[in-house]
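Architecture and fold: a report
Listed below, chain by chain, are the residues.
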Amino acid sequence: MTEETNAIPASLPLRNDLIGETPYGAPQLDVPVCLNVNENPYEPNPDVCATIARRVGEIAHTLNRYPDREHIALRKAFSDYLAKESGARLAVDQLWGANGSNEIMLQLFQAFGGPGRTALGCDPTYSMYPEYARDTFTGWKLAHRNADFTLDVDAAIKAIHEIKPSMVILTSPNNPTGTPLPPADLERILDVCETADVAGAAAGVHPIVVVDEAYVEFRNPGTPSAVTLIDKHPNLAVSRTMSKAFAFAGARVGYLAASKDIIDCVRIVRMPYHLSAVTQAAALAALEHTDEQLSQVAHLREIREQTAAWLKRQTYKGQPLEVAASESNFLLFGGHFDKRDRIFEALLDRGILIRVVGPDGWLRVCMGTDDEMARFREALSEVLRIVEAE
Ligand SMILES: Cc1ncc(COP(=O)(O)O)c(C=O)c1O
């Protein structure tokens, strides 16, 4: 399937700031090896599929009614999952679900951004953040990361004081670099935000810190999740998703962990009944099978380490490839690709779809099955020789 963007007629009253914009999204192409959107490549097992079918079947006769708009059963299930996964037990009113963490983030921008407000991110980072900002009329500013993509905490703190954002967005592990945020660095930023001013808000208003943990289950064992800091820091909001490690991208389920007060702010902007009964039933079914859904995570971590080591042994134009240190299910690699689009295209010609993203000279590949990674390695070795000779 290819995607086309038709020119929008000038006669339509599209918002001025949207004229010339195109819909966001990585290419959805029908190719044998898809390593471009950081999914878990393993399908739910037959037991999980049976539970999903049963749970959805059980609520089918209620579909004439609106769903539980507070999705209480699902929030309880998130609480149990987080207690098991991160060791933090949060109350139902400290949790909130939505259609993917994309919707969670948009709701945060709707509640805490808006005209006159600014959100601060740390470049390079996830390319949807400026879109949430645009869609909610929120300013978007960036502090820069260190050369190895770790957070430059001093630069971020300086930017917080200068820009006075209402939201500080930290991504851990970061996309597209895979870089984790050490808890001590997060705590420094949380402490600063507890007293920092917010432009466009009354005195005594302070920024919230949003940690986007979309890939957190892939972190190295023993590293705490930011959810363990929620009870200590009422200005912390942690966005999570079932789309990545949890192997549930097609169901569109994300969730937010934060103080009850932050959750109550988000509840003001949510659409009524935003989470369908079918989505709630499917998510509850998957959360009954946490171990099965996460069963390949350790293997994907190993594949990541093996692939990183392999990439570092490859050369392009006489220099070894660089690989950003990653605690996620993807690797940013290259560093000195002068023709990254050409490398991307040549891989695509061989049926391998990766992503052109991040700073110039780099490409990102997501971890697939063993067979998919073997095909990636074989194709990349060939492509690097061809492209450097051109
Ligand atoms: C850092 C980050 N946050 C959030 C998302 C959104 O994921 P979803 O809406 O599927 O939960 C993504 C998806 O790629 C991501 O990379």
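Everything numeric here is computed off the predicted structure, so don't read it as measured data.

Quick notes on the rules
- Residues numbered from 1 in each chain as written.
- Predicted model: local features only at pLDDT ≥ 70, side-chain atom pairs only at ≥ 80, totals over all residues.
- Heavy atoms only, no water.
- Buried < 20%, exposed > 50% of the residue type's maximum accessible area, 1.4 Å probe, protein only.
- Helix = DSSP H or I, 4+ residues; strand = E, 2+ residues; numbered from the N terminus.
- Contact = heavy atoms within 4.5 Å.
- Core = buried A, V, L, I, M, F, W, Y, C linked by side-chain atoms within 4.5 Å.
- Domains from an automatic or database assignment.
- Buried area = accessible area lost by both parts, 1.4 Å probe.
- Salt bridge = Lys/Arg side-chain N within 4 Å of Asp/Glu carboxyl O.
- UniProt positions renumbered as here; feature names shortened; annotations may be inferred.
- Polar contact = N/O pair within 3.5 Å; in protein donor to acceptor, adjacent residues only side chain to side chain.
- Phe/Tyr/Trp six-rings, centres within 6.5 Å; stacked < 30°, edge-to-face > 60°.
- Lys NZ or Arg CZ within 6 Å of the ring centre and 35° of its normal.

**A word on helix H11 (residues 340–349)**
The complete set of buried residues in H11 reads Arg-340, Ile-343, Phe-344, Ala-346, Leu-347 and Leu-348. Packed against the buried residues of H11 are strand S9 (315–316), strand S13 (352–353), strand S14 (362–366) and helix H12 (370–389).

**Some thoughts on the nonpolar core**
Membership of the largest hydrophobic core comes to 49 residues, with the highest contact counts inside it found for Leu-170, Leu-186, Ile-189, Met-242 and Phe-248. A total of 6 residues in this core trace back to one element, the largest contributor, which is helix H8 (residues 277–287). If we ignore the near neighbours within four places in the chain, the residues touching Met-242 are Phe-78, Ala-247, Phe-248, Ala-249, Val-253, Tyr-255, Ala-283, Ala-286 and Leu-287. By size, the runner-up hydrophobic cluster in this structure holds 39 residues, among which are Ala-308, Ala-346, Leu-363 and Met-367.

**Here we look at the domain arrangement of the protein**
Domain boundaries assigned for the protein yield domain 1 (16–43 + 295–389) and domain 2 (46–293). If you average the C-alpha positions of domain 1 and of domain 2, the two centres end up 26 Å apart. Of the residues lining the interface, 27 residues belong to domain 1; the matching set on domain 2 comes to 31 residues. Here domain 1 meets domain 2 over a buried area of about 2,300 Å², counting both sides, of which 54% is carbon and sulfur. Sorting the residues of domain 1 by area buried against domain 2 places Tyr-24, Arg-301 and Glu-327 first, and these three jointly supply 29% of that buried surface. There are 1 salt bridge connecting domain 1 and domain 2.

**A look at the UniProt feature "modified residue: N6-(pyridoxal phosphate)lysine" (unreviewed entry) in the protein**
On the UniProt side, "modified residue: N6-(pyridoxal phosphate)lysine" (unreviewed entry) is annotated at positions that read Lys-244 here. Mapped onto the fold, Lys-244 is located in the loop between strand S7 (236–241) and strand S8 (254–258). Not counting chain neighbours up to four residues away, the residues in contact with Lys-244 comprise Val-37, Asn-38, Asn-40, Ala-214, Tyr-215 and Phe-218. Of the polar contacts made by the side chain of Lys-244, one reaches the side chain of Tyr-215; its length is 3.3 Å.

**Comments concerning the packing of aromatic side chains**
Under the definition given, this model contains 12 aromatic pairs. Seen in terms of ring centroids, Tyr-126 and Tyr-129 are 5.3 Å apart; in terms of plane orientation they differ by 85°. Their pairing is edge-to-face. Across this residue pair, the class does not change: Tyr-126 and Tyr-129 are buried. Ring geometry for Phe-149 versus Trp-362: centroids 5.3 Å apart, planes at 70°, classification edge-to-face. In this pair, Phe-149 is assigned in the loop between strand S4 (139–144) and helix H5 (153–163) and Trp-362 in strand S14, connecting sequence segments 213 residues apart. Residue classification places Trp-362 among the buried residues on the basis of a relative accessible area of 9%. Each residue in the set Phe-109, Tyr-126, Tyr-129, Tyr-132 and Trp-140 is aromatic and connected to the rest through ring pairs, giving one cluster. In this arrangement the basic side chain of Arg-364 is found over the ring face of Phe-330, its NZ or CZ atom lying 5.5 Å from the centre.

**Some words on the pattern of salt bridges**
Counted by the stated rule, this structure contains 26 salt bridges. The shortest N-O distance in the salt bridge between Arg-54 and Glu-288 comes to 3.8 Å. Of this pair, Arg-54 sits in helix H1 (residues 46–60) while Glu-288 sits in the loop between H8 and helix H9 (290–293), and the two are 234 residues apart along the sequence. A salt bridge links Arg-188 to Asp-154; the shortest N-O distance between them is 2.8 Å. Here Asp-154 lies in helix H5 and Arg-188 lies in helix H6 (residues 183–193), a separation of 34 residues in the sequence.

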